[in-house]
Amino acid sequence: FSRNAYAVPPLVTGDVPTADKHHIEWFIGTRYQKTGSVERQLPFTELVYGISDRQEVTAEMPYLSIKGQRGAGDAVLSTKYQFLSEENALISAAGSFEVKLDNGNQSKELGSGAIDYDLRLRFQKTLRWFTGIANAGYTFVGEPKVDGIRQKRRDVLFFAFAQEYKITERTKLLSEIYWKNGDEPH
């Protein structure tokens, strides 16, 4: 049992290393996002379990507050497998698979009403004080039904790059840039 608590970077870009074998990591926090209307996640929690030296499984569940509606959002279950390590190769690399469930209440806008599947390749390289992380992903987006009518959706492509600069032993500067297309057809 570790008594240390660490802040993790709030990045969209996923890293390569997995949780230590037979260890549980628990992340909890809040997120704020404004996209037309105000949306708050109060809180967001994620549990990660290292099932081997190279693989982890994850469960996420947000609690949402959207337009006066509150409740659980869509849960996410995922796994990540690290198939290259910088100790044995030029870069480290991993693949991840994620399933976003449709358990959130769609009529209250707390859930999407469909199951999504996400595949992602993750690459990472550390050179002394600099770490670069790159991701490429593809999400198979489900098509929800609203009043019995199927809503057309597009699958989503995703590309990201994050960088971490170690300024001092206890201070790091993080930045990222990412791109993804929308899931709603034009």
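Here the structure is a predicted model, which is why all the values come from computation and not from measurement.

About the criteria used
- Residues numbered from 1 in each chain as written.
- Predicted model: local features only at pLDDT ≥ 70, side-chain atom pairs only at ≥ 80, totals over all residues.
- Heavy atoms only, no water.
- Pairing = 2+ DSSP bridges.
- Helix = DSSP H or I, 4+ residues; strand = E, 2+ residues; numbered from the N terminus.
- Salt bridge = Lys/Arg side-chain N within 4 Å of Asp/Glu carboxyl O.
- Buried < 20%, exposed > 50% of the residue type's maximum accessible area, 1.4 Å probe, protein only.
- Patch = residues over 30% accessible without salt bridge, like charges linked within 9 Å, V, L, I, M, F, W, Y side chains within 5 Å.
- Areas by Shrake-Rupley, 256 points an atom, 1.4 Å probe, with all protein chains shown as cover.
- Polar contact = N/O pair within 3.5 Å; in protein donor to acceptor, adjacent residues only side chain to side chain.
- Contact = heavy atoms within 4.5 Å.

**Topic: the pairing of strand E5 (residues 76-84)**
Bridge analysis of strand E3 (residues 55-66) against E5 gives 6 bridges, and the strand direction is antiparallel. Across the sheet, residue Gln-55 finds its bridge partner in E5, namely Tyr-81. Alignment of E5 against strand E6 (residues 92-100), held across 8 bridges, turns out to be antiparallel. Paired with Leu-84 across the bridge in E6 is Ala-93.

**So, the pattern of salt bridges**
Taken as a whole, this structure holds 7 salt bridges when the rule is applied. In this structure, Lys-100 engages Asp-74 in a salt bridge whose closest nitrogen and oxygen atoms are separated by 3.0 Å. With Lys-100 in strand E6 and Asp-74 in the loop between strand E4 (69-72) and E5, this residue pair connects regions lying 26 residues apart in the sequence. Side by side, Lys-100 and Asp-74 carry an identical accessibility label, which is buried. One network of salt bridges, in which partners are shared, links Asp-15, Glu-56 and Lys-80.

**Observations concerning a nonpolar patch on the surface**
Judged by side-chain polarity, Phe-97, Ile-115, Tyr-117, Leu-119, Tyr-138, Phe-140, Leu-157, Phe-159 and Trp-179 come together as a nonpolar surface patch covering roughly 790 Å² of accessible area. Here Phe-140 lies in strand E8 (residues 130-140). For Phe-140, a relative accessible area of 38% corresponds to the partly exposed category.

**Describing the side chain of Glu-56**
Looking at where Glu-56 falls in the secondary structure, it is placed in strand E3. Within the structure, Glu-56 has its side chain in polar contact with the backbone nitrogen of Ala-19 (distance 2.7 Å). Other than its neighbours up to four places away in sequence, Glu-56 contacts Pro-17, Thr-18, Ala-19, Val-48, Tyr-49, Gly-50, Ile-51, Ser-78, Thr-79 and Lys-80.

**Describing the pairing of strand E11 (residues 156-168)**
Pairing of E8 with E11, which is carried by 10 bridges, proceeds in the antiparallel orientation. Paired with Thr-131 across the two strands is Glu-164, which belongs to E11. By the bridge criterion, 10 bridges tie E11 to strand E12 (residues 171-180) in an arrangement that is antiparallel. Counted as the bridge partner of Thr-168 is Thr-171 from E12. Hairpin connection, E11 to E12: the antiparallel pair is bridged by 2 residues.

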